[in-house]
Amino acid sequence: MAEIPFAPTVQQLLRTVPTPIARVAGALAVVGKRTIAIAAFLVLWEVAPRVGLVDRTFLVPFSEAVKALIELAKDGQLWDNTRASLVRSLSGFLIAIGVGVPLGLLIGWYKPVAEILGPLLELFRNTAALALLPVFILLLGIGETSKIAIVVYACTWPILLNTISGVRTVDPVLIKSARSMSLPAHRLFAKVILPASLPTVFTGIRLAGASSILVLVAAEMVGAKAGLGYLVNASQQNFAIPDMYAAIIAISVIGLVFNHLLVLLERRLTRWRPVAGA
């Protein structure tokens, strides 16, 4: 009796089709897996208020939140508040990069600097940014300066600590090999230390990118007259619940886009790294 062959797997089938088609199919499969959880969440959000699982007064269906988002975009409120938030967030984020990366490289590379600044870093690294928001408001007022300053504070720590870690965890073999070729200190730093620590530095930058938006939204709920955080708070106080959820959706989308842009920039600057799973 002849044996029945096993059915081919999807991977085996993909190997039999032309490479471009296989790549497209593989990409679609990856996208499908990544969107299943999000799609399920949005369906649950849409259905739960409609069938009475939650009070529709306090949690509107997803479609109503999207409708409110479109209305806010049409009358200009969404763009005005988004612009205000992005200016503050990007300003604080870029300042934090300008402060955190050079300082982290300095602390990670020069032990005397680390010994002097280490105790001060340990003191402030465990202090939550939002816990210091009243202090920033007292010192800098409720205007733009205090909001940008709180973003700078929140973003500097992940950038600084990851930069220090990146410098200190460079493979010692690379350093010894470079020194064996009599590279001067500044060339060793530029050609070995900086490129090797760049992936870890970008991890800190991506964490800071998320913090720049989350912390700012919380800060805008106190004494702000514009911004997505202000829009969320004002909508909640006026019981415009669809507008509140619309603003929350806008914040989530901005966070996703911001993170994706940072990932693309990281891949471009670290093209020498092997691709995961390759």
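The preceding data block contains the structure.
Report follows, based on the coordinates. (Residues numbered from 1 in each chain as written. Predicted model: local features only at pLDDT ≥ 70, side-chain atom pairs only at ≥ 80, totals over all residues. Heavy atoms only, no water.)

A short note on the overall build of the chain
- Scanning the chain from terminus to terminus reveals eleven helices and zero strands.
- Mapped in sequence order, the helices and strands of the chain form the string α-α-α-α-α-α-α-α-α-α-α.
- Across the 278 residues that make up the chain, the buried fraction comes to 35%.
- In the chain, the proportion of contacts linking residues at least 24 apart, taken out of those at least 6 apart, comes to 72%.
- With an accessible surface of roughly 17300 Å², the chain has 69% of that area assigned to carbon and sulfur atoms. (Helix = DSSP H or I, 4+ residues; strand = E, 2+ residues; numbered from the N terminus. Buried < 20%, exposed > 50% of the residue type's maximum accessible area, 1.4 Å probe, protein only. Contact = heavy atoms within 4.5 Å. Areas by Shrake-Rupley, 256 points an atom, 1.4 Å probe, with all protein chains shown as cover.)

As for the packing of aromatic side chains
- Considering all chains together, one arrives at seven aromatic pairs under this definition.
- These aromatic residues form a ring-pair network of at least three members: F41, W45, F62 and Y245. (Phe/Tyr/Trp six-rings, centres within 6.5 Å; stacked < 30°, edge-to-face > 60°.)

Regarding unusual backbone geometry
- Despite not being glycine, F239 has its phi angle at roughly 60°, a positive value.
- Turning to its location among the elements, F239 is positioned in the loop between α10 (228-237) and α11 (241-269).
- For F239, a relative accessible area of 48% puts it in the partly exposed group.

Overview of the nonpolar core
- Counting residues in each nonpolar core, the largest one holds 58 residues, and the members touching the most others are L78, F93, I150, I205, L228 and Y245.
- For this core, the element with the highest residue contribution is helix α9 (residues 185-220), accounting for twelve residues.
- Once you skip the residues sitting within four places of it in the chain, I150 turns out to touch A129, L132, L133, F136, V215 and A219. (Core = buried A, V, L, I, M, F, W, Y, C linked by side-chain atoms within 4.5 Å.)

A word on the packing of helix α4 (residues 77-109) against α10
- With their axes 7 Å apart at the nearest point, α4 and α10 run at an angle of 130° to one another. With respect to α10, the axis of α4 lies oblique. Contact residues: Q77, L78, N81, T82 and S85 in α4; L228, G229, Y230 and L231 in α10.
- In the contact of α4 with α10, the residues fall into four nonpolar, five polar and no charged. (Axes fitted to C-alpha atoms, helices over the stretch in contact; angles between N-to-C directions. Parallel < 35°, antiparallel > 145°, perpendicular 65-115°, else oblique. Nonpolar A, V, L, I, M, F, W, Y, C, P; charged D, E, K, R; others polar.)

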